[in-house]
Amino acid sequence: MPPRLSPFTVARSIPYRSRVQSQCLPRPFAKPALPQFRPYSDSKDPPAADNSKRFDTKPLPHVSEEAAKTAEIMGEQGPDIGKGTPVEEAVKGDKATQEKLPKVMQDAIKAKPNNSAPKGSRSYSTTTTSMTDGGGLDLGLVDFNTPTKMPEIPGLKFEMPSLPLPKDGHLKHRYDAVIDQVTNLLMRHGQKSVAQRNMSLILQHLRTSQIPTINPARPLIPGAPPPSHLPLNPILYLTLAIDSVAPLVRIRSQRGAAGGGVALQIPVPLGQRQRRRTAVDWILNAASKKRNNKGSGKGGFAQRIAEEMVAVVEGRSGVWDRRNGVHKLGVSARANVVLPKRR
Amino acid sequence: MPSSVCLRVFSQLSRDRTALAAAAPRGLLPALPASCFSTSAPRCANPAPKKKNMTAAPKRGARTLNVKKGGKGVAQDTSKRAAPGERKAMRKRIVLSNNNALEVRSLQDLDKPSALSERHEGQVRGIPEDVVDSLRAVEAFKPAQGWSLFRRPATLMRKQTMQLAQLLKDAETTDGEQRKTIRRVLVGERMSGKTTLLLQALAMAFLRDWVVINLPEAQDIVNAHTEYALLPDSHPVQYTQNTYTGNLLSQILKANERILDTMSVTTNPTLPLPLLPNATLKQLVQLGVSDTEASWPVFVALWQELTQPGRPPIMLAMDGLAHIMQDSEYLSAEAAPVHAHDLTLVRHFVDHLAGRKSLPNGGMVLAATSKSNAPASPALDFSVQVAEARQSRLENIPSWNRYKRVDERAMDVLKDVDVIKVGGLSKEEARAIIEYYAESGMLRAKVDEGFVTEKWSLAGMGNVGELERVTVRLRI
């Protein structure tokens, strides 16, 4: 048996990593729980040990020691007796003993199934967070962090700029990156102004729509604000919808690699822009396929897409299934990934 | 065989004709028998067999075999189409509240005693609920305006609003016997807030218990989308629009119900329908709403009642003035275009705008021009120029280029009308409205001097529509 409490319980989500930085996830991950029962470090023997010489008069050792001894006799690896055994584990499966337990522990045992992961959930994580500075989502606040004034440096013609530089300081990157990208993806026939109007209508629809109810089976990316904050911050709403359904990988079909005329499916990691692009494409397709569309006139297109975005955040959209399908395929095909040899 | 007989007859005939042609003049030729070119033979023949493999195009959304290479792309739109009228309903839908927007604590409402007070200047003020209902009834809110972003309707009381409030006050005061009739045209750049200013005037009139009659869109009167009929015994010929007038009456009724219910009919109008003795004006208007045939006589009777002494002032307003300064889309019996001023409703408005008729109980005739939806109207443009020159007391008042065609009737109407120029907001006004946006939660920024100045400049020196666009519309 492996040691019961391992300090390396932080899940490694997917067996490839594009960069080293991705190891330090910005989200607050759970620390491994400290063992609740610690044996005395100086005492070799349990306190119940008797001084009697006769073997059969000796009291039975502690359950874990007994199990360890049994395992030693059987030639197996028993529990690590360096650490104590929690009572819950000792009485596991023993109905009669469980009834004798204190009420608190009985309740804890009963309550356990609720705390465990929901049925049908995966053992691996399929979310990432942005690698940008701070790692948090952009909450859309302008000029709320007062810029720091640089100290006066003699000899400068103009004073030093105050840092951080304003987000809209650069002419070509003055708008939010997601908004820029989605606007370009909405564009048809090169009509950017029309796309911008549609984008504006989408954001307007998001900010006038009801507060979304989040489906716990379809969690948004970690670090998302409570749903009541979303309509007042439509850019964040849109970003959340897109980033939450964005797939991590795409499946590349390599012809001839598997032999027998079958294409070998290889999962390929996607960059952030690529992931968003895929998500927006899926959302656009889902919006155009949707039944009971209200209208197709001016603003109808924007409304359809905005409704699909709301559906994504609420977990109703079919895009989620698509994403899960891709991830499932990616996990099953990860054996096909050939990593370069380490020197 | 009939065809061969025909051919033979034909050849014979042509020979005869050539022989005769030299001798006899053209008119003396015998008339050709009709049977020569009979079409009965092909008609009697069996119908051609139907072509095979001529099936209809596949139904939209049905899967068909597509052998084109690389046919991935975006999927076809297979969604259900909108039902008739649904799109228009969506387009014309007016939403006046947003539950997500934050409630502005400091927002005060306009009320009757202080509606025309000057202390509102430069502040954002809420519109009380009953006035909102009335304004909605007269279609004063337009779909493109930004009402749907905020918790409830509120407006900025700008300088021009105060000017209008002063005019309303003038119209209410009695000096001697006659009360004043104020006539104004609102002009200004595109998105500078002319329609909203009109709405503010209507709101103030509602608050002050005036009778409000609003023609929400001049284009709808003249674009020939509603039926029209000759007005009997009219010289020159005029046309009534019964459906439109009936609809207008129902709007008047909905908006002014409380006031109309308190007044009873004092004159003895001649109506095609029987009216109860001692009927109220509300019942009179209801006659016109229920039977559109009687709508125009009812409107005339209503107007006659409202101009009796002791009645409240009247606000008569119209948006999109340029549309009625030209020929309408209606045609007369001679298929000549009908001038817009020959429609009874338009004529009624125009007579009051030109000052040919006055409002004995005082009141205001207000027309707003439009820059985004307006036909070219040289007469209107010129009249506005003249009025502006007159107001600024310029020496050289522009004169009409005599070699240009002019709509004499439009020119005549707009001869001495005054204008209110709606320009950009001042920076203080811009700051007030930007702070309101921020308090509503629609603008996520720190409002300070620099921010206000930046947005004011981006909005073309405080054009309010552009200001809204650059701050809350997220047009990025």
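Report follows, based on the coordinates. (Residues numbered from 1 in each chain as written. Chains lettered and ligands numbered in written order. Predicted model: local features only at pLDDT ≥ 70, side-chain atom pairs only at ≥ 80, totals over all residues. Heavy atoms only, no water.)

**Comments concerning unusual backbone geometry**
(1) Moving on: Cis rather than trans, the peptide bond between A:Leu163 and A:Pro164 has omega equal to -5°.
(2) Moving on: Within the secondary structure, A:Pro164 sits in the loop between helix 4 (103–115) and helix 5 (177–186).
(3) Moving on: Cis geometry is found at the peptide bond from B:His235 to B:Pro236, where omega equals -10°.
(4) Moving on: On the secondary structure map, B:Pro236 appears in the loop between strand 6 (229–230) and strand 7 (239–240).
(5) Moving on: Phi angles above zero are rare outside glycine, and B:Met191 is one such case at about 60°.
(6) Moving on: Relative to the assigned elements, B:Met191 resides in the loop between strand 4 (181–188) and helix 6 (194–207).
(7) Moving on: A positive phi is found at B:Asp233, a non-glycine position, where the angle reads about 60°.
(8) Moving on: As for its placement among the helices and strands, B:Asp233 is situated in the loop between strand 6 and strand 7.
(9) Moving on: Its relative accessible area of 76% is what places B:Asp233 among the exposed residues. (Helix = DSSP H or I, 4+ residues; strand = E, 2+ residues; numbered from the N terminus. Buried < 20%, exposed > 50% of the residue type's maximum accessible area, 1.4 Å probe, protein only.)

**Focus on helix 12 (residues 344–354) of chain B**
In an α-helix there are 3.6 residues to a turn, and that puts residues three or four apart on one side.
All names here are of chain B.
(1) Moving on: Counting buried residues along helix 12, ten of its eleven residues qualify, which places the element largely inside the surrounding structure.
(2) Moving on: Among the residues of helix 12, those classed as buried are Thr344, Leu345, Val346, His348, Phe349, Val350, Asp351, His352, Leu353 and Ala354.
(3) Moving on: Note on helix 12: the residue one or two positions beyond its end, Gly355, has a positive phi of about 85°.

**Remarks on the sheet that holds strand 11 (residues 363–368) of chain B**
Residues and elements named next belong to chain B.
(1) Moving on: Ordered in space as 5-8-11-4-12, the five strands form an open sheet in which the pairing is parallel. Edge positions in the open sheet fall to strand 5 (211–215) and strand 12 (418–422), since each of these has one partner strand only. The mean angle between the axes of side-by-side strands here comes to 20°, regardless of whether they run parallel or antiparallel.
(2) Moving on: Relative to strand 11, strand 8 (residues 314–319) runs parallel, the two being bridged by six bridges. Within strand 11, the residue paired with Met318 across the bridge is Ala367.
(3) Moving on: Its contacts with the sheet place helix 5 (residues 159–172) against strand 4, strand 8, strand 11 and strand 12, and it is angled at close to 150° to strand 12.
(4) Moving on: This element, helix 6, spans strand 4, strand 5, strand 8, strand 11 and strand 12 of the sheet and lies at about 160° to strand 8. (Pairing = 2+ DSSP bridges. Axes fitted to C-alpha atoms, helices over the stretch in contact; angles between N-to-C directions. Contact = heavy atoms within 4.5 Å.)

**Here's the deal with the sheet that holds strand 1 (residues 108–109) of chain B**
Residues and elements named next belong to chain B.
(1) Moving on: Ordered by their spatial adjacency, three strands build an open sheet running 1-2-3, and the pairing between neighbours is mixed. Of all the strands in the sheet, the pair left with one neighbour each is strand 1 and strand 3 (154–156).
(2) Moving on: Where strand 2 (residues 124–126) lies against strand 3, three bridges are found, and the strand directions are antiparallel. When the bridges of strand 3 are listed, Arg125 appears paired with Thr155.

**A look at the pairing of strand 5 of chain B**
(1) Moving on: Of all the five residues making up strand 5 of chain B, five are buried; the element is thus mostly covered by neighbouring parts of the structure.
(2) Moving on: Neither face of strand 5 of chain B is exposed, since B:Val211, B:Ile213 and B:Leu215 on one face and B:Val212 and B:Asn214 on the opposite face are all buried.

**Considerations on the nonpolar core**
Residues and elements named next belong to chain B.
(1) Moving on: By size, the foremost hydrophobic cluster in this structure holds 65 residues, and its most contacted members are Leu302, Leu321, Ile324 and Phe349.
(2) Moving on: Examining the composition of this core, we find that seven residues originate from one element, helix 11 (residues 295–306), more than from any other.
(3) Moving on: With near-sequence residues (within four places) excluded, Leu321 lies in contact with Val185, Phe349, Leu353, Ala367, Ala368, Thr369, Leu380 and Leu414. (Core = buried A, V, L, I, M, F, W, Y, C linked by side-chain atoms within 4.5 Å.)

That's the geometry; what it means functionally is another story.
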